[in-house]
Each structure stands twice: as structure tokens, then as C-alpha cells.
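# Survey of secondary and tertiary structure
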Amino acid sequence: MVADCKRTVLATDLDGTFLGGGASARAQLYSWIADRREEFIVIFVSGRGLGFMRELADCLPVRPDHVIGNVGTSVAAGPDWCPLADIESWLDARWPNDAPARIAEVLARYPGLTEQPVVEGRRVSRYYSDHVEAMAAQADVEQLGFEVLLSDGQYFDVLPPGVRKGPTLLRTLTALGLARERTLVAGDTLNDLSLFETGLAGVAVGNSEPELVHAVRARPNVHLSAKPGAAGVLEALRAFHERGGLWEHRLS
């Protein structure tokens, strides 16, 4: 087994990214990783809940080593999906017990924000269709001291202050003793922006929402792939891994 500090870490969003693109592209990505599985650590970093990811892990040919769910508000590590004490304390300190009720009271003023059917973790999540209404609700919620993340033209997530995918990933890498310089992040929507803001090597896949592309275009750590979903991940992952973490974000 390759030592963890020598293994390449893929920290990837799911929908539209690791699960994105055609069946052939997904099969190629999963097969390429599986053939070199001991050389990789795979971390799913998703807005999805841990329950969904458990079911997904049982269906995929590549199982994650660790998972970060609920837009960075939940972490489960290892084959037993155990919490990490330091991260749990950090998250709990930013999400008081009365947070959901206080947020719900504010959001009740905005009938166009509709509840998502399954929400886990330390967050409150809605769907939105009217951007103006969503922006007004965002301003009101932020007055309470929480953060609001709008993404993919439909998701309205209220998160603990300072908590998003990126900050949680950095803390997870530290807790697990994984090397930042050997970590590649991948995503496609604005809820992945914080992954790229970490400064870690990254790939925004070809089907990324325009707002994300605009936000990361000038970042030297981010490769903008022309290939959608899994094909874009494989393009960047192969180059990153074969170069041992020496990252040139403008791939030829």
C-alpha cells in the first residue's frame, strides 16, 4: 500500500462532475481509478446527504474513502463512516440548536422559497426560482449571522458562518494527515467555488455553470476543462497524478 502522504487525493463533487457526462466517460474514469486504486484517496464532496452517498457508494465501482456531505456541514471518514471529533466540534460551535427555527421564521416571509424534500446536516435548504426574491431572503438571513449560498439557479442553502465545502475539506485533509499538494478538487457549480478558493489544484468541468467559470477563470490553480463531467475529471486527474502533483492548470 502506498503511504497516504504519497497518494493522490481526488476531492470531487458528485452531480454534474464525478457522476456527470455520458456512461462511457464515467466508466472510463471509474476504471482508470480502480486499476490504480491503491494510489488514490477518493473524497466525495457534495451537497447531497450522507444517506444518499451511502447508497451511491454501494452502486459505484469506486467507493469513496471519506465523504463530505450537505455542502460541507457533515463529514464521515473511513470504511465505517466515522465522524471526526475536531471537525464535529468546529461545526457544532457554528450552528446553535435554535438555528433552524430562527432561519425558518425569516424564510416564511418568502413563499417562493420551497422546501427541499430531504435535508441533513447543519443547514437549512430551499429551492428558489425568483432570483430577486432569493437575494432579498439572503440579505435577511445573513442579518442573523449565517451564510447563504445560491447555486445552479435553484438551490438556496443556509450554512453556518465560515462553513462551506472548501473550508471543511481543508480541515478534513489536516485531520486525516493528507497532503494538500497532492489534492485535486473538481466541481461544476457555485457551491463548489469554495473548493477552488482553497488554492488547491482544481478542475472545473466543461458543463460548469457560467457563474462558476467566471469566478475561477483567472485563478492559476484551476483548469477549465472543455470536457463535461467525468471526462473532464479524468483529463485533469490523469495529468495531475502522472506529474506527482506538479500542476499546470492549462493542460495541453
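First things first, this report covers the structure right here in the doc. (Residues numbered from 1 in each chain as written. Predicted model: local features only at pLDDT ≥ 70, side-chain atom pairs only at ≥ 80, totals over all residues. Heavy atoms only, no water.)

### What to know about the sheet that holds strand S6 (residues 124-127)
Spatially, 4 strands are ordered S5-S6-S8-S7 in an open sheet, and the strand pairing comes out antiparallel. Edge positions in the sheet fall to strand S5 (114-115) and strand S7 (147-151), since each has one partner strand and no second. Sheet topology places S7 next to strand S8 (residues 155-159); 5 bridges connect them, and they run antiparallel. From the neighbouring strand, leucine 149 faces S8, where its bridge partner is aspartate 157. In this fold helix H5 (residues 99-107) packs onto S6 and S8, with an angle of close to 25° to the strand it touches most, S6. Strands in contact with helix H6 (residues 131-142) are S7 and S8; relative to S7, the strand with the most contacts, it is inclined by about 160°. (Pairing = 2+ DSSP bridges. Helix = DSSP H or I, 4+ residues; strand = E, 2+ residues; numbered from the N terminus. Contact = heavy atoms within 4.5 Å. Axes fitted to C-alpha atoms, helices over the stretch in contact; angles between N-to-C directions.)

### Considering the side chain of arginine 126
Examined against the element boundaries, arginine 126 turns out to sit in strand S6. Buried and without a salt bridge, arginine 126 has glutamate 115 as its closest oppositely charged side chain, separated by 4.1 Å. In this structure arginine 126 touches Ala104, Leu107, Leu113, Thr114, Glu115, Gln116, Gln154, Tyr155 and Phe156, once residues within four positions along its chain are discounted. (Buried < 20%, exposed > 50% of the residue type's maximum accessible area, 1.4 Å probe, protein only. Lys, Arg positive; Asp, Glu negative; His and termini not counted. Salt bridge = Lys/Arg side-chain N within 4 Å of Asp/Glu carboxyl O.)

### Comments concerning the packing of aromatic side chains
All chains considered together, the criterion is met by 5 aromatic pairs. Ring geometry for phenylalanine 18 versus tyrosine 30: centroids 4.9 Å apart, planes at 35°, classification tilted. Separated by 12 residues along the polypeptide, phenylalanine 18 in helix H1 (residues 14-18) and tyrosine 30 in helix H2 (residues 23-34) bring together distant segments of the chain. A relative accessible area of 0% places phenylalanine 18 in the buried class. By way of ring pairs, the aromatic residues Phe18, Tyr30 and Phe44 are connected into one cluster. Of note, arginine 48 hangs over the ring of phenylalanine 52, and the distance from its end group to the ring centre comes to 4.0 Å. (Phe/Tyr/Trp six-rings, centres within 6.5 Å; stacked < 30°, edge-to-face > 60°. Lys NZ or Arg CZ within 6 Å of the ring centre and 35° of its normal.)

### What about the sheet that holds strand S3 (residues 66-69)?
Neighbouring strands of a sheet are bound in pairs by backbone hydrogen bonds; such pairs are parallel or else antiparallel. If you walk across this open sheet you meet the 7 strands as S4-S3-S2-S1-S9-S10-S11, and the pairing is mixed. Strands with a single pairing partner mark the edges of an open sheet, and in this sheet they are strand S4 (74-77) and strand S11 (222-224). The average undirected angle you get between the axes of adjacent strands in this sheet is 15°. With 4 bridges joining them, strand S1 (residues 8-12) and strand S9 (residues 183-187) adopt parallel strand pairing. Paired with threonine 12 across the bridge in S9 is alanine 186. Relative to the sheet, helix H7 (residues 165-176) contacts S1, strand S2 (40-45), S3, S4 and S9, its axis offset from that of S3 by approximately 155°.

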